[in-house]
Amino acid sequence: MTHINRKHTAALFILMIGIAMMFTACSQTGGGSNSGASGADSEGNAAPAAGGEAGKVLKVRFYDDPSGFDPASVFRIENENIAFNVFSGLTTYDSESGQIIPDLAESWETEDNKTWTFHLRQGVQWQKGYGEFTSADVLYSYERILDSATASPYAAEFNNVESFEAPDDYTVVIRLKDPDSNFLHVVANFHQGQIVKKEAVEELGDQFKWSPVGTGPYMFDSMKVNSEIVLVRHEEYFRGPAPIEKIIFSIIKDDDTAAIALQNGEVDLVMRINRQEALVRLQDAGFEMNALYDRAVNVKMFNTSIKPLDDIRVRQAWAHAVDWTGISEATNPLLESEAFNLLPKWMDVYTENVPRYEYNPERAKELLKEAGFENGFTITQHLNASNGVTDSDQLEQEFLKAVGIDLQFELVDAAVYNQIRNKGEFEVAGRQLPAVNPDMILFSYLHPDNIAPKGLNGARYNNPELTVKLEAARAEIDPDKRRELYAEVQHIAMSELPYIPLYSANGYWPGYDYVMNVTLNPLSQVNFYEVDINK
Amino acid sequence: MQNGMDGSITTSKGISLPRPKLRALQKILRNRQGLVAVLILLPMIAFAFLAPVLPLQDPLKSNITASLQPPSTDNLFGTDKLGRDIFSRTVSGMQTSMMVGIIVATITLCGGLLIGSVSGFFGGRMDRFIMGIVDIFLSFPSLLLAIGMVAIFGAGMLPVIIAISIADLPRAIRLQRSLVLSVKSGAFIDAARMVSAPTHWLLFRHIIPNTLAPMLVAASITAANAILTEASLSFLGLGITPPEPSLGNIIREGQMYLQEAWWISTLPGLVIFAIAISLHLLSDGIREVLDPRSKR
Amino acid sequence: MADYLLKKAAQLIPTILGVVTLVFFAIRLIPGDSTSYMAGDNLSGEAVDALRERMGLDVPVWQQYLDYLLGILKFDFGTTMVSGLPIGQLIMEALPVTFMIAFLTVLIACLIAVTLGTIAAFSAHKGKKLIDQVLTWIAMLVDLMPSFWMALLMMLVFTLSLGWLPASGPIDFSDPVGLLQRIALPLIVLSLGQIATIARITRTSVLEVLNEDYIRTARAFGTPQLLVVFRHALKNAAMPIITVAGLGFGNLLNGTVITEFIFSIPGIGTLLIGGINSRDYSLVQSVILVYSFLFILVNMMTDLIYKYFDPRVKF
Amino acid sequence: MEKESLLIVDNLHTHFFTEQGTVRAVNGVSFELKKGERLAIVGESGSGKSAMAMSLLQLISYPGRIVSGSVKLGDKDLLQMSERQLNEVRGGEIGTVFQDPMTSLDPVMTIEEQLVHTIRRHTKLDRRGAVQRAIELLRQVGIPDPETRIRNYPFELSGGMRQRVLIAMALSCSPKLIIADEPTTALDVTIQAQIVELLKNLSADTGCAMLFITHDLGLVARFAQKVAVMYAGRIVEYGTVRELYANPQHPYTQSLLRTIPSMKGPRAKRLLQIDGFPPDMRQPVVGCSFAQRCPAAQPMCRTEIPSLTDRSPTHRAACWIEDGIFSGIAKETAPTAEELLHLPPKASFLRHQEPQDAAMPVLEIKSLAKHYKTRSSLFRKNGKVVRAVDGLDFSLQPGQTLGLVGESGCGKSTTARMLLRLDEPSDGSIIVEGVDIAHLKGEELKQFRRKVQMVFQDPYSSFNPKLTIEQIITEPLQVMKVGTGEERRKRARELILTVGLDVSYLDRYPNQLSGGQRQRIGIARALALNPSIIVADEPTSALDVSVRAQVINLLAELREKLGISVVFISHDLSIVKHISDTIAVMYLGKIVEFGPTQAIFGNPRHPYTKALLSAAPIPDPQLEAERNVELLSGDLPSPANPPKGCRFSTRCPAAEHRCKEERPELIEMEDARKVACFLVS
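In the nomenclature of an unreviewed UniProt entry, chain C corresponds to Peptide ABC transporter permease from the organism Paenibacillus abyssi. Recorded in UniProt under Sequence similarities (unreviewed entry), the annotation for chain C is "Belongs to the binding-protein-dependent transport system permease family." Under the Subcellular location (unreviewed entry) heading, UniProt states for chain C: "Cell membrane".

An unreviewed UniProt entry annotates chain B as Peptide ABC transporter permease of Paenibacillus abyssi. Per UniProt, the comment on chain B under Sequence similarities (unreviewed entry) is "Belongs to the binding-protein-dependent transport system permease family." Heading Subcellular location (unreviewed entry) of the UniProt record for chain B holds this comment: "Cell membrane".

In structure tokens form, the structure reads like this:
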């Protein structure tokens, strides 16, 4: 009877454990930062750096796994935040007012909003020693966005561009097909507007998105996947080195955990908390809220191509039937404020002069009777499973039931939820309008060319009168006439209600009081160049 | 009861009950654990299914002014964020959750009995084939299954039940297979084969009745776990869709207000605990009564 | 022994192939693909189609399958579709975290559960029903607490009010003390989950062994009670306990998504669920491939441990 | 000369407090054991003998408790000792040997570890010294090559070998007393003889006293000097072995001695059986507990409990009837079959089978064989071949009974299963009433299966616990679709009466019946299809002595009344002698000797048969003292690798060179006997 004796098995067993331990050890040394010097040790006391106050380190809560910082493909606000501080555009946004201010372009001029000449700043140094910034970099960046190989989703932003030229190292002339008063937003420090360096892109290939090289105040230092991202100060930044030497973004996904981590001092600043109760707790505990009010408008999209939503009266009845402000006050007073229009209040072309739909169930019933739906109808709305059926959804459902509209919810997971909305295969859906520039909202969501599934106009709204005024406003040079045209567009949209504004979202970056002047610009980006610590 | 040692036939308290089922029930009630289980379970089941008749508030009616109120006389379990009465939501939630538990338990029981018996009784290649698949499913992350189900069928009762059943079925199959192997070695199987009893006779008259008791015990434990898993699934947004209450999604919503309103998720949690405890006790009771071998 | 390893290796290939094929088609059956996930709020239809090409989703399915199989043979997992990071490295960073937590959890759970189970069995054997009943009820109570509820409760107590343990921070193997503090909370939550099952199995199995004849022989030759339990009873009762612990370890390798989400642990569970949500086919396939390989490795290790504990086990 | 006393047990009471009531297992036992004396405690199961033995060392576990009494070892009372003090005595002054060697050793520890632990606990030896002592002990108890064997695991040793290890363990610390609780019940006859001889010699060499618990009166006669008979938790008779066997004073002892079929002398027609069943220990004892079953019971016996009164200086009995043998227990005459079976004069369905022409045998076996292939590993396909049954030839005349005798591993059960076609034979033929059913399939096989039925060995696992007795008995009829529901119920009633049980039992469940009653149900089930052959595979080995006689008598009656031929398989020679007409002695898959019972038992020719007969103990101390027992050396070889040549050659005392090379065939001898041995022809 042959069988191996016990010592033999014990040896094999220990060998197995050994493999497992070696597996753990080697991964620890092998992985980790994948470029540049590895960050300071975990307590955050950085090695003293040349120039600027030494040693200041800011720890910021990052709320999701990063998906890359290449301007051509960056998406989701938290990644755009990092890109905003690593890159620069010809223009950028003022943190307070959100207006366009000069960045890499010192100045610019245009007579007809069609030909734009930009005069570039001189002596600007690229990060990580990639030399001086010139107009060639600008041309390369824009051509890269348009190049189908990059397959950048933002190529469409340059549809209106005729040609780019660089007469000399420090001037860039851009000719448009049709005049566009908002063109400065297109070349701003956002998505396609962010300038990249040719040599860096070619050198790093598809890993460029994970170690971006720009001209902004902060350089990308290192990253531990799913746990930490580290930025360090760009010493030769053209506006001078930033006050804080290193920023460590630590990934904490759950909002409650983040609040607790902040209270426990593990982070100095939290990059977003969308949970009402957590915000109240932090506010009561005396933390700085660093709020940005009326950041972007959340709307309800009606698919006007299907019965009964094609009837304006039904949509108006829907608006009257629900006490939207009441819901916001009951569920998330801090996170939501009133909204009566598609554009956020901070935009210059925003107008108050639009029809309002106060909470009036009787009026809603009358409208439904006029439209021939006195005993109501049933509608299904898809919701994203990761945040489930929220309290506000359930309250809205109850209000609608009171007037006979039976709103059913169907929970689907994130990918399906987005697919349904992008393809327009919905009866009614929720959407947060991208608050970048008036054009981005009104043109994408109201213009017939952008009707789903080609564009974002999920409501399939097509009103020739509005379309004419919209295109005119785009081309109008005179700011007053432009504001008047946009006002009319908003008035028509708000009377026909393809979309109902639900509430205007507020953003909060709670942090300790020793973290100075953290200001969320209207794109809810924070320019860390302005932020300082005085402990 | 004399066990026939001295030939007398009447029980000490009267005539021995002819039907086996009645006698088993009588034994369960006499067994301490079984009694406690039935005492807890019965009122709950009655309560859950009588809910529409009972003087309870409408579980879906919200009242914004009374948001996040602590337990009081008119709201036994307090109110949630929208001011809805948690007690009535728990009662109707119990109905849904018990439904999930019972259906999952039945599916795993029947699936386990059928496939386990086939695998255990026939053995050979069939057995290796079934066990191969069971291993693959066991090594399959059950969460991927759950998310897949929801993505295909959308959230709600059906995908939750399917996801949990598929995750628990392999365990039930393995248990049944081992039970069949041990029963199959009993001499009474040879006695039946001695008269050329056909396979279905061996399976349904001899083998399955003798594996029923342990499988029932396992089923009641699966039911308790299913209710709990539904709660964790609703954490990922995959459970029963609100506003329709289930014990799982009430606890999930309550968890967000744990510091402000601890009662929202704690009290329904106790209800789940009571249901699970009684199911476990019932399973111990069944095991002791129907499976004399286990009595020490 | 060589036969055993060869047999297991031969068994390894079909199982893994089966799992990978199953996953390959299962995830493609799920509606929606990674482009729709990435689209987020403001991507038009055209842009989404452009994205689809770049990620090679328009290639016919069977070709994707062949490419993928070739990739595995060359041990090159390629890069993830959504983020473009090398999958090999992602897994190499996530797996040790989960492996360590799973291993420590099962270790702690075993230590506590085996002691609890043995005490319960011993008192039941001695006739002291009360202790046995109380311990079983405690195990049941712990088993029934939903993990997300428990996680938050633990954090409120240990991080917020007592401030002993951090709620976040990187997993840094070079600093063991910090590491232990960092994973203490998830360890507590996860091991509580395992304790009930292991305790229940220990109790029944030890109780069964205590009725065996060789226990009576040991007592008849003057072995003190405690020695009888620990030397004879536990060693013989080890087999079912090892099975349950092995299965538990296998499930924990699956990475409990909920605990990892709440405690921000960059484990394999988060990677997997992230992959599933974003329909990152290559990431999900590779993770499950590595995972099922490890699951079989764990089974082999449990077999070895069986052999160590019980010489009657033949390979 | 008067040896001084070693152990005094006084009025010992041990009760088990179960949920179904208090079982009074030991009801006031007192006895005295002298130094070096061999005392046997004999009684049926349920008599409390094991419980009493275990109480001596307080090895009773929940729900049992020692209620009262004292056990004095020298001056110390073991029952008052603390657990720590007791652990000094356990294994030190008192060693124990348990019944089942298969489960009494820790399966996951080597022999060395288990022995060394015990030795080091009671002696000052270091590890190396203890290992040396262990090896000596193993040699002393007769284990070959102890140096290597010590590192084996229990599962690698045979039953006999393991029992020797247990005895070595008991001896390890030179005890004053060894308690042996049925040490040989689980062993085969030849191995049992070796172990009993070993214990006797060890007691003589080391001078330690022995308390030998058994139910086998033959073993008592061979081993013990003094004997105590226990019934219902009390000692009913105590005395020297010779006095007790020659002149038993208590009716129970007398009945016990008479129920055992004698190995010597002519075949008794019917065994004297003790009616009724062993007492239910949960009821309090009123009067003498044997009164119910005692033919000589007086009114007084039912009211007062008799105490042990002296019948001679060394002989006591607890019975109100003072002297002599009681007329009620007749020597040979027993109630006629009819009243015993309270069979209705003419059982309707059981038509009386006229014996067919004597020439045509009802069953004929030709070179029957069964080989198993063991797959030793994935790659080595041609694993070892186990020849469980390797070419049998025998035939069975109608109405006759063939006894298949042999030790474990000889293939007798495999043969039984092949007769029933529960397993298909590898080759050879089984001719039942002229038709070879060896490889029949489907419907034909089903029809022929009505002719051969089986009574199983283990009464506890041969019935489906979920079915009532009626369902069990009528199952064969249901499967074969014989008659309607009503007819089947009628036949069930007849069958249950035929086997001597009350009709009310039909509604009961198997777990409500005792072992003896279940075996009767087994027989009823076998009769359901009115077969011509019944194969009984060790039907009585799981039963108590008193109940055994009832089942044997029932089988004998049915055979005469219904003319059924029986194949009776057993390892108990006395029973096989009583019931069989012809005997086949099997060894390792072959028949070594075949012939009429009288010839085989009277004058055995094959060395193995001789060894078997001499190994089986006879309940007569006189005879046992005179005959010298031929002990077979070595162990039962495993069927996996049988020795070359004659299979018995490795253990045969008279083996020659030729035996080791060629295999002897069965050859005819004078008195219709066949023997397979070169020396004999």
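1. A short note on the overall build of chain B
Within chain B, the secondary structure is distributed over 10 helices and 0 strands. Mapped from its N terminus to its C terminus, chain B presents α and β elements in the order α-α-α-α-α-α-α-α-α-α. Taking all 296 residues of chain B together, the buried fraction comes to 57%. Taking all contacts inside chain B whose residues are at least 6 apart in sequence as the whole, residues at least 24 apart take part in 69%. Carbon and sulfur atoms provide 70% of the accessible area of chain B, an area that totals close to 12400 Å².

2. Overview of the overall build of chain C
Of the regular secondary structure elements, chain C holds 13 helices and 0 strands. When the elements of chain C are put in sequence order from the N terminus, they spell out α-α-α-α-α-α-α-α-α-α-α-α-α. With respect to the principal axes defined by its C-alpha atoms, chain C has extents near 80 × 55 × 35 Å. The buried share of chain C, reckoned over its 315 residues, is 59%. Looking at chain C alone, contacts between residues at least 24 apart form 73% of all its contacts between residues at least 6 apart. When the accessible surface of chain C is totalled, it reaches about 11700 Å², and 73% of it is carbon and sulfur. One finds the centroid of the 20 positive side-chain charges in chain C at a distance of 18 Å from the centroid of its 21 negative side-chain charges.

3. Focus on the packing of aromatic side chains
Applying the stated criterion to the full structure yields 40 aromatic pairs over all chains. Judged by centre distance (5.9 Å) and plane angle (75°), the ring pair of F62(A) and F249(A) falls under edge-to-face. With a gap of 187 residues between them, F62(A) in strand 1 (residues 57-62) and F249(A) in strand 10 (residues 246-251) connect regions that are remote in the sequence. Like F249(A), F62(A) is buried. For the pair F24(C) and F25(C), a centre-to-centre distance of 5.0 Å together with 80° between the ring planes defines the contact as edge-to-face. Taking relative accessible area as the criterion, F24(C) reaches 0% and is therefore assigned buried. Taking the relative accessible area as the measure of exposure, F25(C) reaches 38% and is therefore partly exposed. The side chain of R356(A) reaches across the aromatic face of F340(A), ending 3.7 Å from its centre. Sitting over the face of the ring of F223(D), R38(D) holds its NZ or CZ atom 5.5 Å from the ring centroid.

4. Looking at a nonpolar patch on the surface
All names here are of chain B. Together, I45, F49, M99, I103 and I107 give the surface a local cluster of nonpolar side chains, amounting to about 370 Å² of exposed area. Those elements that place two or more of their residues in the nonpolar patch are helix 2 (32-50) and helix 3 (86-122). Mapped onto the elements of the fold, F49 is located in helix 2. You can call F49 partly exposed: its relative accessible area is 40%.

5. Description of the UniProt feature "transmembrane region" (unreviewed entry) in chain C
Residues and elements named next belong to chain C. Following the UniProt record, one finds the feature "transmembrane region" (unreviewed entry) at residues 12-30, 99-122, 134-159, 179-199 and 283-306. Segment residues 12-30 splits into 95% helix and 0% strand. End C-alpha atoms: 27 Å apart. The span residues 179-199 shows a helical share of 100% and a strand share of 0%, and its end C-alpha atoms are spaced 28 Å apart.

6. Description of the pattern of salt bridges
Residue and element names in this part refer to chain A. If you walk through the whole model with that rule in mind, you get 62 salt bridges over all chains. Between D65 and K253 there is a salt bridge, with the nearest N and O atoms lying 3.1 Å from each other. Of this pair, D65 sits in the loop between strand 1 and helix 2 (77-86) while K253 sits in the loop between strand 10 and helix 6 (255-263), placing them 188 residues apart in sequence. Among the ionic pairs, E78 bridges to R76, the shortest N-O distance being 3.1 Å. Judged by relative accessible area, E78 falls into the buried class, the value being 1%.

7. Observations concerning the packing of helix 1 (residues 2-29) of chain C against helix 13 (residues 281-309) of chain C
When two helices pack together, their arrangement is given by the angle between the helix axes and by the axis-to-axis distance. Residue and element names in this part refer to chain C. Where helix 1 meets helix 13, the closest approach of the two axes is 9 Å, and the angle between their N-to-C directions is 150°. Of the possible angle classes, the one that applies to helix 1 and helix 13 is roughly antiparallel. Helix-helix and strand crossings are classified by hand; for helix 1 and helix 13 the assignment is right-handed. Mapping the contact onto sequence places Y4, L5, K8, L12, T15, I16, V19, V20, V23, F24, I27 and R28 in helix 1 and Y281, V284, Q285, I288, L289, S292, F293, I296, M300 and D303 in helix 13.

8. Focus on the sheet that holds strand 3 (residues 38-42) of chain D
Residues and elements named next belong to chain D. Spatially, 6-7-8-3-9-10-12-11 is the arrangement adopted by the 8 strands of the open sheet, whose pairing is mixed. The two strands at the open ends of the sheet, each matched to only one other strand, are strand 6 (94-97) and strand 11 (309-312). The average undirected angle you get between the axes of adjacent strands in this sheet is 20°. Pairing analysis gives 5 bridges linking strand 3 to strand 8 (residues 209-214), with the strands arranged parallel. Residue pairing for strand 8: V42 is matched across the bridge by T214. Packed on one face of the sheet, helix 1 (residues 49-56) meets strand 3, strand 7 (177-181), strand 8 and strand 9 (226-231) and runs near 150° to strand 8.

9. Some details on the domain arrangement of chain C
All names here are of chain C. Parsing chain C into structural domains produces domain 1 (2-73) and domain 2 (91-309). Taking the mean C-alpha position of each, domain 1 and domain 2 sit 32 Å from one another. Across the domain 1 to domain 2 interface the summed buried area is about 1800 Å²; carbon plus sulfur atoms make up 75%. Here domain 1 and domain 2 share 0 salt bridges between them. Our enumeration of links across domain 1 and domain 2 arrives at 2 residue pairs in polar contact (both at pLDDT 80 or more). At the level of secondary structure, the elements contributing two or more residues to the side of domain 1 that touches domain 2 comprise helix 1, helix 2 (34-39) and helix 4 (61-73). Examining the composition of the side of domain 1 that touches domain 2, we find that 12 residues originate from one element, helix 1, more than from any other. Residue composition of the side of domain 1 that touches domain 2, by class: 15 nonpolar, 3 polar and 3 charged.

Criteria and cut-off values
Residues numbered from 1 in each chain as written. Chains lettered and ligands numbered in written order. Predicted model: local features only at pLDDT ≥ 70, side-chain atom pairs only at ≥ 80, totals over all residues. Heavy atoms only, no water. UniProt positions renumbered as here; feature names shortened; annotations may be inferred. Helix = DSSP H or I, 4+ residues; strand = E, 2+ residues; numbered from the N terminus. Buried < 20%, exposed > 50% of the residue type's maximum accessible area, 1.4 Å probe, protein only. Contact = heavy atoms within 4.5 Å. Areas by Shrake-Rupley, 256 points an atom, 1.4 Å probe, with all protein chains shown as cover. Lys, Arg positive; Asp, Glu negative; His and termini not counted. Charge placed at Lys NZ, Arg CZ, Asp CG, Glu CD. Phe/Tyr/Trp six-rings, centres within 6.5 Å; stacked < 30°, edge-to-face > 60°. Lys NZ or Arg CZ within 6 Å of the ring centre and 35° of its normal. Patch = residues over 30% accessible without salt bridge, like charges linked within 9 Å, V, L, I, M, F, W, Y side chains within 5 Å. Salt bridge = Lys/Arg side-chain N within 4 Å of Asp/Glu carboxyl O. Axes fitted to C-alpha atoms, helices over the stretch in contact; angles between N-to-C directions. Parallel < 35°, antiparallel > 145°, perpendicular 65-115°, else oblique. Left-handed = near helix turned anticlockwise from the far one by under 90°. Pairing = 2+ DSSP bridges. Domains from an automatic or database assignment. Buried area = accessible area lost by both parts, 1.4 Å probe. Polar contact = N/O pair within 3.5 Å; in protein donor to acceptor, adjacent residues only side chain to side chain. Nonpolar A, V, L, I, M, F, W, Y, C, P; charged D, E, K, R; others polar.

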